[in-house]
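Remarks on the overall topology
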Amino acid sequence: MRPLPVSTVGSFPKPDYVLRARTAYTRKNISEYELHQAERKAIAETIRLQEELGIDVLVHGEHEREDMATYFGDHLENMGVSGWVRAYGNRYYRKPVVQGEIKRREPITVEWFKYAQSLTDRPVKGMVTGPYTMMDWSFDEFYESRRDCTLAFARALRGEVEDLAKAGAK
């Protein structure tokens, strides 16, 4: 590894076939397995591209995530999802809603990390949206303060980070 390794931030643009697959899945025209196959294909292409570019520490591209906050909200207990919210000009997303004590049911990103890492000998980052960002991108209907909400996300996401480390994320 170079003294100053080259890396990138997590998200890569979603290929059209992933966007089409996500729409087809939402409309119940394809199975979850078929959606995941499209996402896996995009992850493999993202890993290969980074290797070709000479990047040292890779990311999997977050192709399984519609966005960085709602994905985690969908996988944590006591979270709901709002209607469409406008962010960044004309980009819309469904904002997570904290409705009770935030808890993590099971690993959220570990299998995606393990798949991406299986495609390369280079290190792949474990990708977790941070607790402050989760709090800031969510509607909080439960905690008394932004601090309390942030710390609740931190407690829930700590287990995810620990599981990623156990799976080999450095």
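For the structure itself, consult the block above.
Residues numbered from 1 in each chain as written. Predicted model: local features only at pLDDT ≥ 70, side-chain atom pairs only at ≥ 80, totals over all residues. Heavy atoms only, no water.

**Some words on the overall build of the chain**
- Looking only at helices and strands, the chain has 6 helices and 3 strands in total.
- Along the chain, from the amino end to the carboxyl end, the secondary structure elements read α-α-α-β-β-α-α-β-α.
- Relative to the globule expectation of 15 Å for 170 residues, the C-alpha radius of gyration of the chain, 17 Å, shows essentially globular dimensions.
- Its C-alpha atoms put the chain at 45 × 40 × 30 Å along the principal axes.
- Going through the 170 residues of the chain one by one, you find that 42% of them count as buried.
- The long-range fraction of contacts in the chain, counting pairs at least 24 apart against all pairs at least 6 apart in sequence, stands at 68%. (Helix = DSSP H or I, 4+ residues; strand = E, 2+ residues; numbered from the N terminus. Rg over C-alpha atoms; globule rule 2.2 N^0.38 Å. Buried < 20%, exposed > 50% of the residue type's maximum accessible area, 1.4 Å probe, protein only. Contact = heavy atoms within 4.5 Å.)

**So, the nonpolar core**
- Within the largest apolar cluster, 30 residues are counted, with the highest numbers of intra-cluster contacts made by Leu 76, Val 98, Ile 102, Cys 149 and Phe 153.
- Contributing elements (two or more residues each) for this core: α2 (32-53), α3 (70-75), β1 (76-87), β2 (91-104), α4 (110-118), α5 (131-136) and α6 (146-166).
- For Leu 76, the contacting residues outside a window of four places in its chain are Ile 102, Lys 103, Arg 104, Arg 105, Ile 108, Phe 153 and Ala 156.
- In terms of nonpolar packing, the next biggest core, distinct from the first, is built from 6 residues, Tyr 17, Val 18, Leu 35 and Ala 38 among them. (Core = buried A, V, L, I, M, F, W, Y, C linked by side-chain atoms within 4.5 Å.)

**Re the layout of surface pockets**
- Each pocket or cavity is described by its volume, and for the largest pocket that value is around 1,000 Å³.
- Tallied by class, the residues present in the lining of the largest pocket amount to 11 nonpolar, 5 polar and 15 charged.
- Taken together, 15 residues make up the lining of the second largest pocket; nearest its centre are Ser 11, Glu 62, Asp 67, Met 68 and Thr 129. (1 Å grid on protein atoms, 1.4 Å probe; cavity = no way out; pocket = protein on both sides within 12 Å on 5 of 7 lines; lining within 4 Å. Points joined across faces, edges and corners; volume = space filled by probe spheres on them. Nonpolar A, V, L, I, M, F, W, Y, C, P; charged D, E, K, R; others polar.)

**Thoughts on the pattern of salt bridges**
- Tallying each qualifying case throughout the model produces 10 salt bridges.
- Between Arg 65 and Glu 64 there is a salt bridge, and its shortest N-O distance comes to 2.9 Å.
- Note on Arg 65: relative accessible area 2%, which makes it buried.
- Classification of Glu 64 by relative accessible area gives buried; the value is 7%.
- The closest approach of N and O atoms between Glu 160 and Arg 104, which form a salt bridge, is 2.9 Å. (Salt bridge = Lys/Arg side-chain N within 4 Å of Asp/Glu carboxyl O.)

**Observations regarding the environment of Ser 82**
- Locating Ser 82 in the fold gives a position in strand β1.
- Here Ser 82 falls in the buried class, since its relative accessible area comes to 14%.
- In this structure, the C-alpha to C-alpha distance between Ser 82 and Tyr 115, residues 33 residues apart in sequence, is 31 Å.
- Excluding its chain neighbours within four sequence positions, the residues that come into contact with Ser 82 are Arg 94, Lys 95, Val 97 and Phe 139.

**Quick word on the sheet that holds strand β3 (residues 139-140)**
- Taking strand neighbours across the sheet as the criterion, the 3 strands line up as β1-β2-β3 in an open arrangement whose pairing is mixed. At either margin of the open sheet sits one strand with a lone partner, and together these are β1 and β3.
- Here β2 runs beside β3; their pairing, made up of 2 bridges, is parallel. In the sheet register, Val 97 faces β3, and the bridge partner there is Phe 139.
- Contacting β1, β2 and β3, α6 crosses the sheet at an angle of about 90° to β2. (Pairing = 2+ DSSP bridges. Axes fitted to C-alpha atoms, helices over the stretch in contact; angles between N-to-C directions.)

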